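Chains, contacts and geometry: an overview
Here are the chains, one letter per residue:
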Amino acid sequence: MRETFLPFARPDISEEAIADVADSLRSGWITTGPKAQRFEKSFGEYLGVPYALAVNSATAGLHLSLLAFGIGPGDEVITTPMTFAATANTVILTGARPVLADIDPVTLNIRPELVKKAVTPRTKAIIPVHFAGRPCEMEALEEIAEKNGLVIIEDAAHALGASRQGRPIGAPARERQAAVFSFHPTKNITCGEGGMVCTVCEDAAEKVSVLRQHGMSKGAWNRYAATGTPHYDLLFPGLKYNMLDIQAAIGNDQLTRLQSFNARRRDIVNIYRKELEDEPGLLLPPEPSEGDVHSWHILTPLIDIDSLGFSRDEFMAKMRQMNIGTALHYQALHLFSYYAREYGWKRGDYPGAEFVSDRIVSIPLFPAMTDGDVADVIEAIRRICRR
Ligand SMILES: *Cc1c(COP(=O)(O)O)cnc(C)c1O
């Protein structure tokens, strides 16, 4: 048994990032400014997308993307039940109604044929989630969107570094489309908290840019910098979702490390796969489709609760007893009381998501894990499953 607790995820912040945060703190300019601009520029260049807009979380990015494409009261937005609550909450906050389409219990991604069935005359958008970093079937979803005049907002919180058939996730080709990344501490790169909205749509980019700063036509940097003008117009009642330079200082350094981070994630997944492939107590997720790149944000085996005779929650408690952290991504959305009450969703509605929701667990996966840490996790899982 390990002497120290191994968390399921832990950020890896370099001394350079710490020094650049200190540089911001000492500079007299700590809010949105040149470092946030640089982060947007490098991020857009990395993905090959013309507009990358930094915000203070992916939740903010989803909310702004929906608003920028005019989603609001009376509209329906189709999404997956196997996601973080923010995906549906931001839809609700615009006044629109979230509509769920079930997942494929193997890929854990939304099933395009069920999205097609869920489309009504009120449908305005689809929010696919690239679960764990596995790209969704974008061609099928884009075809449905084209046929029905729908916006697509990709919840790409897990998918930085992933690609679908040679196209990076986050560089959508369609005008009426955006992708949103998260820089929460558990994600593939972090800023503490942060997010990025990526799109080719100039109009949507402009709206996101204005709405993240109160709806003002110019940001503070433009107003207070030596060359700025003090005047601004108020174009919409906006929000306060801008990213600080303090955050961007971390993000700029993290982005330069993304490839090595993701390569290490990939290596760790390979070790788990080699050692746990034949373990009957759990089922590892499959490799991505030929031609796709998975970003392995999380590794989420399904616990075989039927043969083991204990629940996923008990599995998590046993791991905790062995000093190993796990996490639950996610309880299916329709099983939370708010949505059940508000939309009448209930157990039985989305069987694919329910099957997964009862069995899924995230085991430790982060770039700074040592091979010894990985071996400890494997040993703990073997001991628990053999009981
Ligand atoms: C993390 C996450 C979010 C929210 O990201 P924040 O940056 O914490 O707002 C949204 N959707 C999914 C699928 C996530 O994993």
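Residues numbered from 1 in each chain as written. Predicted model: local features only at pLDDT ≥ 70, side-chain atom pairs only at ≥ 80, totals over all residues. Heavy atoms only, no water.

1. Focus: the nonpolar core
Note the following rule: In plain words, nonpolar cores are sets of buried Ala, Val, Leu, Ile, Met, Phe, Trp, Tyr and Cys residues tied together by side-chain atoms within 4.5 Å. Note on classification: 1.4 Å probe, protein chains only; a residue is buried when its accessible area is under 20% of the maximum for its type, exposed when over 50%, partly exposed between these limits. Secondary structure elements follow DSSP: runs of H or I no shorter than four residues count as helices, runs of E no shorter than two count as strands, and numbering proceeds from the N terminus. Note on contacts: a residue pair qualifies if any of its non-hydrogen atoms lie within 4.5 Å across the two residues.
Membership of the largest hydrophobic core comes to 30 residues, with the highest contact counts inside it found for Tyr272, Phe315, Met319, Met369, Val377 and Ile381. If you list the elements that add at least two residues to this core, you get α9 (245-276), α10 (305-308), α11 (312-321) and α14 (371-386). Element by element, the count of residues in this core is highest for α14, at 7 residues. Among all residues touching Phe315, those that are not within four sequence positions of it are Ile303, Phe310, Val361, Ile381, Ile384 and Cys385. Residues Ala60, Leu66, Val197 and Cys201 belong to the second largest nonpolar core, which totals 26 residues.

2. Brief notes about the pattern of salt bridges
Between side chains of opposite charge, pairing is possible as soon as their charged atoms come close. What counts is decided by this rule: Any Lys or Arg side-chain nitrogen found within 4 Å of a carboxyl oxygen on Asp or Glu counts as a salt bridge.
For the structure on display, the rule yields 27 salt bridges. Residues Glu45 and Lys41 are paired through a salt bridge, measuring 3.1 Å at the closest nitrogen-oxygen approach. Remark: Lys41 and Glu45 occur in helix α2 (residues 34-47); sequence separation between them is 4 residues, near one turn of the helix. No difference in accessibility class separates Glu45 from Lys41, as the two residues are exposed. In this structure, Glu76 engages Arg122 in a salt bridge whose closest nitrogen and oxygen atoms are separated by 3.0 Å. In this pair, Glu76 sits in strand β2 (residues 76-79) while Arg122 sits in the loop between α5 (112-118) and β4 (123-127), placing the two residues 46 residues apart along the sequence.

3. Quick look at the state of the cysteines
Which entries qualify depends on this criterion: Cysteine sulfur atoms are paired as a disulfide whenever they fall within 2.5 Å.
What the rule picks out here adds up to 0 disulfides. In this model Cys136 remains outside any disulfide bridge; the closest cysteine sulfur is found in Cys198, 16 Å from its own.

4. Quick notes on unusual backbone geometry
Residue Tyr330 is reached from His329 by a cis peptide bond, and omega for that bond is 5 degrees. Despite not being glycine, Gln165 has its phi angle at roughly 50 degrees, a positive value. Relative to the helices and strands, Gln165 resides in the loop between β6 (163-164) and β7 (167-168).

5. Description of the sheet that holds strand β8 (residues 177-182)
Note the cut-off: The criterion for strand pairing is that DSSP finds at least two bridges linking the strands in question. Axis angles are defined between N-to-C directions and span 0 to 180 degrees, where every axis is a line fitted to C-alpha atoms and, for a helix, only to the segment in contact.
Here 7 strands make up an open sheet; going across it, the order is β1-β9-β8-β5-β4-β2-β3 and the pairing mixed. The sheet terminates laterally at β1 (51-55) and β3 (97-100), the two strands that pair on one side only. In this sheet, neighbouring strand axes are inclined to one another by 25 degrees on average, regardless of whether the strands run parallel or antiparallel. Direction of pairing for β4 relative to strand β5 (residues 151-155): parallel, over a ladder of 2 bridges. When the bridges of β5 are listed, Ala125 appears paired with Val151. Packed on one face of the sheet, helix α3 (residues 58-68) meets β1, β2, β4, β5, β8 and β9 (195-199) and runs near 165 degrees to β8.

6. A few points about the side chain of Ser295
Keep this limit in mind: Any N or O atom pair separated by 3.5 Å or less is treated as a polar contact, with the protein-specific requirement of one donor-capable and one acceptor-capable atom, and with residues adjacent in sequence counted only for side-chain atom pairs.
Locating Ser295 in the fold gives a position in the loop between β10 (282-283) and β11 (302-303). We classify Ser295 as buried; its relative accessible area is 2%. One polar contact links the side chain of Ser295 to the main-chain carbonyl oxygen of His158, over a distance of 2.7 Å. Beyond its immediate sequence surroundings of up to four residues, Ser295 is in contact with Ala132, Gly133, His158, Ala159, Leu160, Gly161, Ala162, Asn188, Asn262 and Arg265.

7. Some remarks on the packing of aromatic side chains
Applicable threshold: Here the aromatic set is Phe, Tyr and Trp, taking the six-membered ring for Trp, and pairing holds for ring centres within 6.5 Å; pairs whose planes are under 30 degrees apart are stacked, those over 60 apart are edge-to-face, and all others are tilted. Definition used: whenever NZ (Lys) or CZ (Arg) falls within 6 Å of the ring centre and also within 35 degrees of the ring normal, the charge is taken to sit over that ring.
All told, the structure shown has 10 aromatic pairs when counted by the stated rule. With a centroid separation of 5.9 Å and 75 degrees between ring planes, the pair formed by Phe39 and Phe43 is classed as edge-to-face. Here Phe39 and its partner Phe43 are both found in helix α2, 4 residues apart, which amounts to about one turn of the helix. Exposure class is identical for Phe39 and Phe43. Each is buried. With 6.5 Å between their ring centres and 80 degrees between their planes, Phe336 and Tyr339 make a pair best called edge-to-face. Here Phe336 falls in the partly exposed class, since its relative accessible area comes to 33%. A cation over a ring is seen here: Lys318 above Phe310, with NZ or CZ 4.7 Å from the ring centre. Positioned above the aromatic ring of Phe355, the side-chain terminus of Arg359 is 3.8 Å from the ring centre.

8. Description of the domain arrangement of the protein chain
Interface extent is often summarised as the accessible area lost during association of the parts. Condition: Note that domain bounds follow an automatic or database assignment of domains. In short, buried area is how much 1.4 Å probe accessible area vanishes from two parts on joining, totalled over both.
Along its sequence, the protein chain is organised into domain 1 (15-256) and domain 2 (258-386). Taking the mean C-alpha position of each, domain 1 and domain 2 sit 26 Å from one another. The partner domain 2 presents 38 residues to the 39 residues of domain 1 that form the contact. Roughly 3,200 Å² is buried in total at the junction of domain 1 and domain 2, and carbon and sulfur atoms are behind 59% of that figure. Per-residue buried area on domain 1 facing domain 2 is highest for Leu100, Arg134 and Asn188; these three make up 19% of the total on that side. Run the count over domain 1 and domain 2 and you get 1 salt bridge. Applying the counting rule to domain 1 against domain 2 returns 22 residue pairs in polar contact (both at pLDDT 80 or more).

9. Quick notes on the packing of α3 against helix α4 (residues 85-93)
When two helices pack together, their arrangement is given by the angle between the helix axes and the distance between those axes. As a reminder of what qualifies: Any angle between 65 and 115 degrees counts as roughly perpendicular, while under 35 counts as roughly parallel, over 145 as roughly antiparallel, and the rest as oblique. Two helices crossing with the near one rotated counterclockwise from the far one by less than a right angle form a left-handed crossing, whereas a clockwise rotation gives a right-handed crossing. For this classification, the nonpolar set comprises Ala, Val, Leu, Ile, Met, Phe, Trp, Tyr, Cys and Pro, the charged set comprises Asp, Glu, Lys and Arg, and every other residue, Gly included, is treated as polar.
Put simply, α3 and α4 touch, their axes get as near as 9 Å, and they point 40 degrees apart. The orientation of α3 relative to α4 falls into the category oblique. Taken as a pair, α3 and α4 cross one another with a handedness that is right-handed. Counting all contacts with α3, which are made through Thr59, Leu62, His63 and Leu66, the residues of α4 involved are Ala86, Thr87, Thr90, Val91 and Leu93. Tallied by class, residues from the contact of α3 with α4 come to 5 nonpolar, 4 polar and no charged.

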